[in-house]
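# Reading the structure
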Amino acid sequence: MLDGYKAICHAVVKAWKLPEKLKVSTWADKNRMLSGKASAEPGLWRTSRTPYLREIMDTLSDEHPAKDICFMAASQVGKTEVLLNWIGYTVDHAPAPMLTVQPTVDTAEKYSKQRIAPMIELNKRLLAKIPASRKRDSGNTTLVKEFPGGVLVMTGANAASALASMPIKKLALDETDRYPIDVDGEGDPISLAEQRTVTFARAKRYKASTPGRKETSHIAKEYERSSQAKYYVPCPHCQELQTLEFENLIWQKTVGKDGKKIHDPDTAVYVCPHCGGCIEERFKPWMLAEENGACWIHAHPERERLGYHINALYSPIGLGLTWVEIAKKWLDACNDPAKLQPFINLQKGLPYEDFGDRVKGVDLEKRAESWPVRTVPEGIYVLTLGVDVQKDRLEGHLVGWGENERCATIDYLIIPGDPEQPQVWDELEKYRHSPVRNAFGVDLQISMTAIDTGYNAHRVYNHVRQCRFDRVIAVKGAKETNRPILSRPTRQDVKNARGDIQKNGVMLWSVGTDTAKNALFSRLASDVEISGETEHYLAPEKRMVRFPDGLPSEFYEQMTAEVYDDRSGRYVKIRQRNEALDTWVYAYAAACHPNVRINRFQAADWEHLKSLIEPRIPDLFKQADEHEKNDRNAMEQSGTSVPLETEKQTVETATARPETKPEQEHKTEPEPEPEPDNWLGVGSNWLGRGGSDNWL
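Residues numbered from 1 in each chain as written. Predicted model: local features only at pLDDT ≥ 70, side-chain atom pairs only at ≥ 80, totals over all residues. Heavy atoms only, no water.

## Side note on helix α14 (residues 457-466)
Every buried residue of α14 is accounted for by R459, V460, Y461, N462, H463 and V464. Residues of α14 that are buried in the fold lie against β16 (382-390), α13 (422-432), β21 (446-452), β22 (472-477), β23 (490-495) and β24 (501-511). (Buried < 20%, exposed > 50% of the residue type's maximum accessible area, 1.4 Å probe, protein only. Helix = DSSP H or I, 4+ residues; strand = E, 2+ residues; numbered from the N terminus. Contact = heavy atoms within 4.5 Å.)

As structure tokens, then:
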């Protein structure tokens, strides 16, 4: 009886005993074993080998108040080990529901088999809490590991269902810059995963990645709004703290007989910016050690979000690239542009920004010409309108088209109001039927209007159905890449305001948005000429894309609000609003409609349009002189003698006009009667009423 009483008391004390306050780095130093399959140095984990990881790991401890931590790092500096140590700490010491997200489900499975499974097998404490996967109903599968007090779920950023199923207290997002932009049409996978942590007041979110392109890099944006910490190390000569920067890595350079520089990267050393002393790489372990003064310094300590950045120069000897190897990679990148971005991302740990292939809004605005909006410049013969529907407005882009698909923005309109209200659509119809007069006095009507159905599709369907015989179509951006500008339409059911459904009531056209944007940005680039080291714009009449005066700067920012993302092969937004670009795409799609089809026009088609829209009235007297000159040339070539009177008249015309007597100055010859075939004569006067009636 006494033994039972003691056992109960012992169990109660154990249950109510507060857990030991333990940091992630401390747990790792005590318990983490490294596998020979996944580590260059198998055995017990030692934080002292990578001391710059200590603070990052400790911010993930339950006792630390930080909720959002990001780590932007170069390759092979240990960012994955931080995540593994946090997982082991959670399973063994601070159980909670935890989710780790890899770029894809396949990489999540590989991560589980190659990194998680070996860590569990080598640690008795973890193995005791996560049963072997070979046991039936063990709760241990490749992507789900159950343990007392929590569960570890591993998934990919391309699986929307796994990102929105259960509440999570600890969220780890690994290699975020490799995530897809959109997952199953439900939006950004990072936002979907973060939404799962709102249930827990003390949730922790950890993001780590090697950055990609600056415009699309999520980790770079996270770091920009964080505390922006960098690891400072002391100089072995002057003990001054500094960050390791690539600009201070130098090597010997000589000049060959041909005058070219010869680099010797094998002599690479680091130069202290304070004392100028040369630091050999053998001093790196001493420099990284915390007991010698190395530490993280936050540029914005007042910010709640903690952010850390480190490059490949910090890699411990034996665990990453040496300074000599880094110098060689830099020289290779300088000689091969294709290797420049990988070096910036993987060695510098920075986002890559290509200044050569991106059009900026401020530069685009400089191309605006002097003619005002709602003016049709010369060479524009067809008008199309692209419309985007938002919850509180309609936005439209009126674009004019000319030969070889040259285009010009004619107008940009915003119609405020709820699209559910008929007044908004009435305003659009009023605008559609308002012609635009060109400089030749010809009124141009809008040939086709394309309305996007991405928002409030059935309201758009109803309007398009009402105007289906009035040059209006419904469009939607294609999910696939490399699609035609305008593909064959599909029939869609239409639901009216009463809820009745009209089967196959409207035709929906698919738009190859990426194809259209490729065309736009390539044409914008072709409007710039490079001579030597200077750039200048082509003459306005030679440009492929033209803009009027008077458009706001916001218009040009929206036109350049997307950039091409190499990871997804699609254009992605770098700004919140991009309606001006989207509506241009829809206007382009409208111009490719079978009833307009400017993409099929030949030179003769454009010439015919030009004769109708830009009519030229010839100079009759100049035309008569040209006919006379042509007749003379023909007679000379045929050997026929030119009449003397004609020669004399020609000579007199070529010489100065002879003086005339005053009494002869006002004497005029009688006008000859019009010939029967004279196009201005009475009998065939095209302006007359017929017969001998004069139109005057």
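## Here we look at the sheet that holds strand β18 (residues 407-416)
Strands sit in the order β23-β24-β22-β21-β16-β17-β18-β27 across an open sheet of 8 strands; the sheet is mixed. Either end of the sheet is taken by a strand with one partner, and the two such strands are β23 and β27 (545-546). Both β23 and β24 contribute to a ladder of 5 bridges, which runs antiparallel. Across the sheet, residue R491 finds its bridge partner in β24, namely M507. (Pairing = 2+ DSSP bridges.)

## Focus: the side chain of K79
Looking at where K79 falls in the secondary structure, it is placed in helix α4 (residues 79-92). Classification of K79 as buried rests on a relative accessible area of 7%. A distance of 3.1 Å separates a polar atom in the side chain of K79 from a polar atom in the side chain of T210. Once you skip the residues sitting within four places of it in the chain, K79 turns out to touch F71, A73, A74, E175, Y206, A208, S209 and T210. (Polar contact = N/O pair within 3.5 Å; in protein donor to acceptor, adjacent residues only side chain to side chain.)

## Examining the environment of W509
You can see W509 is positioned in strand β24. Taking the C-alpha atoms as reference, W509 lies 9.1 Å from A450; in sequence the two are 59 residues apart. Beyond its immediate sequence surroundings of up to four residues, W509 is in contact with I473, A474, V475, K476, L486, S487, P489, H593 and P594.

## Re helix α15 (residues 513-526)
Here α15 contains 14 residues, and its C-alpha end-to-end distance of 20 Å stays within 8% of the 20 Å for a straight helix at 1.5 Å per residue. Every buried residue of α15 is accounted for by T513, D514, A516, K517, A519, L520, F521, R523 and L524. (Expected span 1.5 Å × (residues − 1).)

## Observations concerning a nonpolar patch on the surface
Judged by side-chain polarity, M33, L44 and L122 come together as a nonpolar surface patch covering roughly 240 Å² of accessible area. Assignment of secondary structure puts M33 in strand β1 (residues 33-34). Judged by relative accessible area, which is 32%, M33 ranks as partly exposed. (Patch = residues over 30% accessible without salt bridge, like charges linked within 9 Å, V, L, I, M, F, W, Y side chains within 5 Å. Areas by Shrake-Rupley, 256 points an atom, 1.4 Å probe, with all protein chains shown as cover. Salt bridge = Lys/Arg side-chain N within 4 Å of Asp/Glu carboxyl O.)

## Things to note about the sheet that holds strand β13 (residues 278-279)
Strands sit in the order β11-β12-β13 across an open sheet of 3 strands; the sheet is antiparallel. Pairing within the sheet leaves two strands with one partner each, and these edge strands are β11 (249-255) and β13. Of the strand pairs in this sheet, β11 and strand β12 (residues 261-271) are connected by 6 bridges, and their pairing is antiparallel. Considered in β12, the bridge of L249 is made with Y270. Contacts from helix α10 (residues 323-335) reach β11, β12 and β13 within the one sheet, and its direction differs from that of β12 by about 140°. (Axes fitted to C-alpha atoms, helices over the stretch in contact; angles between N-to-C directions.)

## Examining the environment of Y232
With respect to the helices and strands, the residue Y232 is situated in strand β9 (residues 229-234). Linking Y232 and A294, residues 62 residues apart in sequence, is a C-alpha distance of 5.5 Å. In this structure Y232 touches L241, Q242, T243, G293, A294, C295 and I297, once residues within four positions along its chain are discounted.

## Here we look at the pattern of salt bridges
When the charged atoms of two side chains lie near each other, side chains of opposite charge can form a pair. This model, assessed by the stated rule, comprises 36 salt bridges. One salt bridge connects R32 with E81, and the closest N-O pair in it is separated by 2.9 Å. Here the residue R32 occupies a position in the loop between α2 (24-31) and β1, and E81 occupies one in helix α4, the gap between them amounting to 49 residues. You can call E81 buried: its relative accessible area is 14%. For K366, the salt bridge is made with D363, and the minimal N-O distance between the two is 3.9 Å. On the basis of relative accessibility, which here comes to 56%, the residue K366 falls in the exposed class. Each of D68, E194, R205, K207, E222, R225 and R305 takes part in one network of salt bridges that share partners.

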